[in-house]
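# Tertiary structure, described
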Amino acid sequence: MRHITIIGAGQAGLQLGLGLLSHGYSVRLVSDRDPEAIRNGSILSTQCMFGSSREIERAAGMNLWDSACPPVVGMHLRVAGPDGTAALAWSAPLERPGQSVDQRVKMPACMELFVSRGGELLVEKADIASLERYARQSELVVVAAGKGEVGALFPRDEAHSPFQKPQRTLAASCVHGYAAAQPFDGVTANMIPGVGEYFVMPGLTCSGPCHFMIMEAVPGGPLDCWGDVRDATEHVALLQRLLTQWLPWEGERARHMQPADAQATIRGRYTPVVRHPVAWLPSGTPMLGLADTVVLNDPITGQGANNAAKAAACYLEYILARGGQPFDAVWMQATFDAAWSDAQWATGWTNAMLQPPPPHVLEILGAAAELPAVARWFANGFDRPASLFPWIAEPIAAEHMLASHAVTV
Ligand SMILES: Cc1cc2nc3c(=O)[nH]c(=O)nc-3n(C[C@H](O)[C@H](O)[C@H](O)COP(=O)(O)OP(=O)(O)OC[C@H]3O[C@@H](n4cnc5c(N)ncnc54)[C@H](O)[C@@H]3O)c2cc1C
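Note that the structure is a prediction, hence the values are computed from the model and not measured.

What counts as what
- Residues numbered from 1 in each chain as written.
- Predicted model: local features only at pLDDT ≥ 70, side-chain atom pairs only at ≥ 80, totals over all residues.
- Heavy atoms only, no water.
- Axes fitted to C-alpha atoms, helices over the stretch in contact; angles between N-to-C directions.
- Helix = DSSP H or I, 4+ residues; strand = E, 2+ residues; numbered from the N terminus.
- Parallel < 35°, antiparallel > 145°, perpendicular 65-115°, else oblique.
- Left-handed = near helix turned anticlockwise from the far one by under 90°.
- Contact = heavy atoms within 4.5 Å.
- Nonpolar A, V, L, I, M, F, W, Y, C, P; charged D, E, K, R; others polar.
- Phe/Tyr/Trp six-rings, centres within 6.5 Å; stacked < 30°, edge-to-face > 60°.
- Buried < 20%, exposed > 50% of the residue type's maximum accessible area, 1.4 Å probe, protein only.
- Lys NZ or Arg CZ within 6 Å of the ring centre and 35° of its normal.

Before going further, it helps to spend a moment on the packing of helix α8 (residues 304–321) against helix α9 (residues 329–353). Packed helices, taken two at a time, are described by the angle between their axes plus the distance between the axes. Contact geometry of α8 with α9 gives a least axis separation of 9 Å together with a crossing angle of 150°. Judged on the interaxial angle alone, α9 and α8 are roughly antiparallel. In this structure, the crossing between α8 and α9 has a hand that is right-handed. Side by side, α8 and α9 meet where Asn307, Lys310, Ala311, Cys314, Tyr315, Tyr318 and Ile319 of the first sit next to Trp331, Ala334, Thr335, Phe336, Ala338, Ala339, Asp342, Ala343 and Ala346 of the second. The residue makeup of the contact of α8 with α9, split by class, is twelve nonpolar, two polar and two charged.

Our next topic: the packing of aromatic side chains. If you walk through the whole model with that rule in mind, you get ten aromatic pairs. Seen from their ring centres, phenylalanine 327 and tryptophan 331 are 4.9 Å apart, and the 55° between their planes marks the pair as tilted. The class of phenylalanine 327 is buried, set by a relative accessible area of 6%. Its relative accessible area of 7% is what places tryptophan 331 among the buried residues. Each ring, one from phenylalanine 378 and one from phenylalanine 382, has its centre 6.2 Å from the other, and the planes form 80°; the classification is edge-to-face. Both residues of the pair, phenylalanine 378 and phenylalanine 382, belong to the buried class. These aromatic residues form a ring-pair network of at least three members: Phe50, Trp90, Trp349, Trp377, Phe378, Phe382 and Trp391. A cation over a ring is seen here: lysine 147 above tyrosine 270, with NZ or CZ 4.9 Å from the ring centre.

See below:
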């Protein structure tokens with residue numbers, strides 16, 4: 001039986017671990033926190049998973065909240081105008097509903113599932129010495145440690161990493177009492193040109209159905225004002241004030257919101273980065289990086305957990321196809337390349353969204369208000385970022401598409 005060690009019990013590590021167990025592999029999952037610590041810690045994400053990722057999760061047995069979690073039925077887009085009204089507004093259904101289950105609910109339950117299925121869960125913070133130990137004991141070490149510092153072992157890929165500093169200040173929260181969007185609840189994406197973005201969606205947290213939201217503030221701008229916030233109550237009070245001022249229609253929905261619990265907020269910033277997928281230990285043993293460890297995008301398009309699910313499914317396929325052959329560095333690079341062939345679209349789209357939108361993208365967003373097929377195509381691009389290309393990247397392609405309405409959804 002082949003033995004594999006995975007560092008990190010997040011979206012990617014758990015899914016890969018559960019997948020490998022179901023194919024008879026011996027798997028050790030190393031987590032710096034036990035299930036209870038994750039359950040009682042801060043929210044980690046807004047974690048909206050779209051149709052393709054949910055299908056992958058179902059195959060791994062991670063779909064434990066299908067009936068308990070309110071669905072993300074569609075998408076609403078609002079662009080704030082200068083006078084406090086929405087200059088642009090449209091809505092479109094998703095072909096398959098998305099879902100946002102608090103990672104404080106999902107990860108501990110999946111860790112327990114992993115153990116109940118015969119996996120070894122080791123609670124310790126992996127460092128160079130322990131990585132060397134896992135490498136001696138396992139045929140493959142996969143590092144799925146998210147934004148953990150161990151990721152710095154993987155060299156930065158300059159060609160795919162355009163940013164040297166964070167592009168947004170992030171303020172995420174989870175609340176009760178936020179009114180559902182009408183006529184259906186889903187991801188409401190609000191853009192305030194030059195200032196930032198605000199996304200809100202229904203979900204499930206430790207205390208039941210809720211809404212998750214994230215404010216993405218352009219650094220140094222008027223929404224980048226979270227430095228003095230000390231706790232969840234202050235966070236939600238500031239959010240309410242900002243919504244009332246900048247997005248009054250969201251301020252109205254938020255009138256009765258309360259933090260879901262004392263740990264239901266998180267603030268911070270990080271630099272998006274793509275890393276080379278193979279890191280070498282001092283002993284000369286290669287390790288393979290997975291998901292956020294090697295492809296870390298800003299959450300502005302809500303793709304990170306979806307990418308993690310897709311990449312982990314791809315790695316599972318490559319590990320199974322490897323049979324009994326060694327997991328060498330050439331195979332590791334090929335495995336990452338296969339995942340990157342899909343993740344590149346999400347990364348390209350996400351990085352583009354962090355810039356001021358070019359005229360052809362504004363035209364697409366504007367046309368979506370008149371052309372339901374364009375709105376549906378754009379909304380479902382959150383599930384399949386590759387389907388947004390070449391139109392969102394190439395002005396002439398966009399022009400042709402809008403002229404012909406030839407988008408098939
Ligand atoms: C505010 C915010 C909102 C987001 N919203 C969305 C969204 O709506 N949709 C979406 O798809 N994505 C979203 N994301 C991104 C998404 O949460 C991540 O991309 C996803 O969780 C990455 O999965 P992962 O498995 O790579 O890493 P993680 O889920 O971060 O898991 C890594 C795990 O490794 C552990 N670890 C770290 N270092 C070590 C170590 N040395 N030893 C052992 N364990 C270690 C960590 O504690 C963690 O449990 C959001 C992110 C943020 C910050």
